[in-house]
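Listed here are the chains, written in short residue letters.
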Amino acid sequence: MKIAYIFSGIVLTAFSAMTASAQDEVGGILTCIEQNNRELSALRSRIEADKYGYKAEKALEDPEFGFDYLWGNPDQGNRKDFSITQTLDLALLFGSKGKLANTRAELSDLEYRVERQRILLEANKLCLEIIYRNALDRELGRNLAQTDSLKTLMEKLYNEGNVGRKDYGEAALSATLARSEYSRNRIERDNLLTALAGMNGGEPVQLTVNEFAASEMLPSDFEGWYAEAENGSPVLAYVAKQVNVSGQALKTEKIANAPKLTAGYMSELVTGSEFRGLTLGVTIPLWSVKNNVRQARASYEASVKYQEDAAARYYTAMLQAYSRARGLLDVLTELESSMAEAETTLRAVEQRCALGEAPIMEYLVERSFYTSLLTNMLEARLDYHQALAELNAFRL
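### Digging into a positive patch on the surface
Step number 1: A cluster of basic side chains, namely Lys99, Lys251, Lys254, Arg294 and Arg297, defines a positive patch on the protein surface.
Step number 2: Elements with a contribution of two residues or more to the positive patch: α8 (234-255) and α9 (289-354).
Step number 3: Along the chain, Lys254 turns up in helix α8.

Structure, rendered in structure tokens:
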């Protein structure tokens, strides 16, 4: 059987060292998404509007101008009253309201950081899946080229009467399956690119790398890594700032228990006489302030408990993610070591087929097993790097 030359051109997968190009390209995409993402753009506008509101809270109440014109009897004449008064808020004068407004502005900035991390993490995981699809496209393309070449050869040999219909049918079926896998993978990759473009404000995104970044490594010491993650987490910073806001709000409400002063100038003009002088007033909080303080104190206590709960849940989530990444790394290492054995076995079957010592079906089965193992290894790489992305989300 003259089919030896079909095996001489087989190219087995060579896994080269991963470079930093993936990290650079993905980093550029994430930068564009931060600028173009509609949700983040709307959030920036809303936070800017909120900050204007916080600035307004630091201003004094508007002064009140009054003018009265009263008609009297002809022998008495008319009366004109003019007044200007200003309400003095002690919580504002002592700076408590200003500190509260500043703290709320800082909380808004942290809210943006939390949402930014969530969106960029989602985009990063999409990029990793596209890299996986690119790597799979490379390998499935090689497999398709090989099976198509084998099908073409077997068709020629079948027409010449050198092989039976069964051998030709098996080669044709293998080529059909390979083309189906190749096409489906490309469809999935196009869908992922469309989703990524949606996150980029509708702007198309190009991501061509097919290797994951080598710099993404699992930290060896969880506790040491967690200390860094805890300090850099915008989620934990956000709940901590909520405690500060609630505490400052409680201080402000306590100061609000004090009476509000109103001071101003007033003049009274009557025919034949004029009166001018100062006017003072006091607003005594009787009805609602006590409940306001209770509500502020309850909110503060709730925020402290929520912070403790958030810290505990964050630690548990990170520990689970770390354990999952560690397990995935073990699986990936085992699969990568198995690839060497699979390549050796496939090479041996190729040589036997080239010498006519093995049927084509044996080669097709062995190559199908090799491709399946390769696909599983690429999936394990994807899962491992997505787990790393979740662990390192605080660095985005």
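### Let's talk about the pairing of strand β3 (residues 260-270)
Step number 1: With ten bridges joining them, strand β2 (residues 79-88) and β3 adopt antiparallel strand pairing. Following the sheet pairing, Asp81 is matched in β3 by Glu268.
Step number 2: Where β3 and strand β4 (residues 273-283) come together, eleven bridges link them in antiparallel fashion. When the bridges of β4 are listed, Gly264 appears paired with Thr279.
Step number 3: What sits between the antiparallel neighbours β3 and β4 is a turn of two residues, in which Gly272 has the positive phi angle 90°.

### Observations regarding the nonpolar core
Step number 1: In terms of nonpolar packing, the biggest core is built from 39 residues, with Met154, Trp225 and Leu391 touching the most fellow members.
Step number 2: For this core, the elements supplying multiple residues, two or more each, are α5 (96-160), α6 (165-199), α7 (222-232), α9 and α10 (360-391).
Step number 3: Broken down by element, the residue count for this core peaks at 13 residues, all from α9.
Step number 4: Look past the residues within four positions of Trp225 in its chain and what remains in contact with it is Pro219, Met318, Leu391, Asn392, Phe394 and Arg395.

### Details of the packing of aromatic side chains
Step number 1: Applying the stated criterion across every chain, the model contains seven aromatic pairs.
Step number 2: Between Phe222 and Tyr322, the aromatic rings sit 5.2 Å apart at their centres with planes inclined by 55°, giving tilted as the arrangement. Linking Phe222 in helix α7 with Tyr322 in helix α9, this pair joins segments that are 100 residues apart in sequence.
Step number 3: Take Phe222: its relative accessible area is 8%, and that puts it in the buried class.
Step number 4: Members of the aromatic cluster, connected to one another through ring pairs, are Phe222, Trp225, Tyr226, Tyr314, Tyr315, Tyr322 and Phe394.

### Brief notes about the pattern of salt bridges
Step number 1: All told, the structure shown has 19 salt bridges when counted by the stated rule.
Step number 2: Salt-bridge contacts for Asp109 lead to Lys51; the nearest nitrogen and oxygen are separated by 2.6 Å. Taken together, the positions of Asp109 in helix α5 and Lys51 in helix α3 (residues 38-57) put the pair 58 residues apart, joining distant regions of the chain.
Step number 3: Its relative accessible area of 28% is what places Lys51 among the partly exposed residues.
Step number 4: Asp137 is the partner of Arg189 in a salt bridge, and the nearest nitrogen-oxygen pair spans 3.9 Å. In this pair, Arg189 is assigned in helix α6 and Asp137 in helix α5, connecting sequence segments 52 residues apart. The pair Arg189 / Asp137 is uniform in exposure class, with both members buried.
Step number 5: When salt bridges that share partners are traced, they join Arg138, Glu139, Arg142, Glu211, Glu336 and Arg381 into one network.

Reading the values: the criteria
Residues numbered from 1 in each chain as written. Predicted model: local features only at pLDDT ≥ 70, side-chain atom pairs only at ≥ 80, totals over all residues. Heavy atoms only, no water. Patch = residues over 30% accessible without salt bridge, like charges linked within 9 Å, V, L, I, M, F, W, Y side chains within 5 Å. Areas by Shrake-Rupley, 256 points an atom, 1.4 Å probe, with all protein chains shown as cover. Salt bridge = Lys/Arg side-chain N within 4 Å of Asp/Glu carboxyl O. Lys, Arg positive; Asp, Glu negative; His and termini not counted. Charge placed at Lys NZ, Arg CZ, Asp CG, Glu CD. Helix = DSSP H or I, 4+ residues; strand = E, 2+ residues; numbered from the N terminus. Pairing = 2+ DSSP bridges. Core = buried A, V, L, I, M, F, W, Y, C linked by side-chain atoms within 4.5 Å. Buried < 20%, exposed > 50% of the residue type's maximum accessible area, 1.4 Å probe, protein only. Contact = heavy atoms within 4.5 Å. Phe/Tyr/Trp six-rings, centres within 6.5 Å; stacked < 30°, edge-to-face > 60°.

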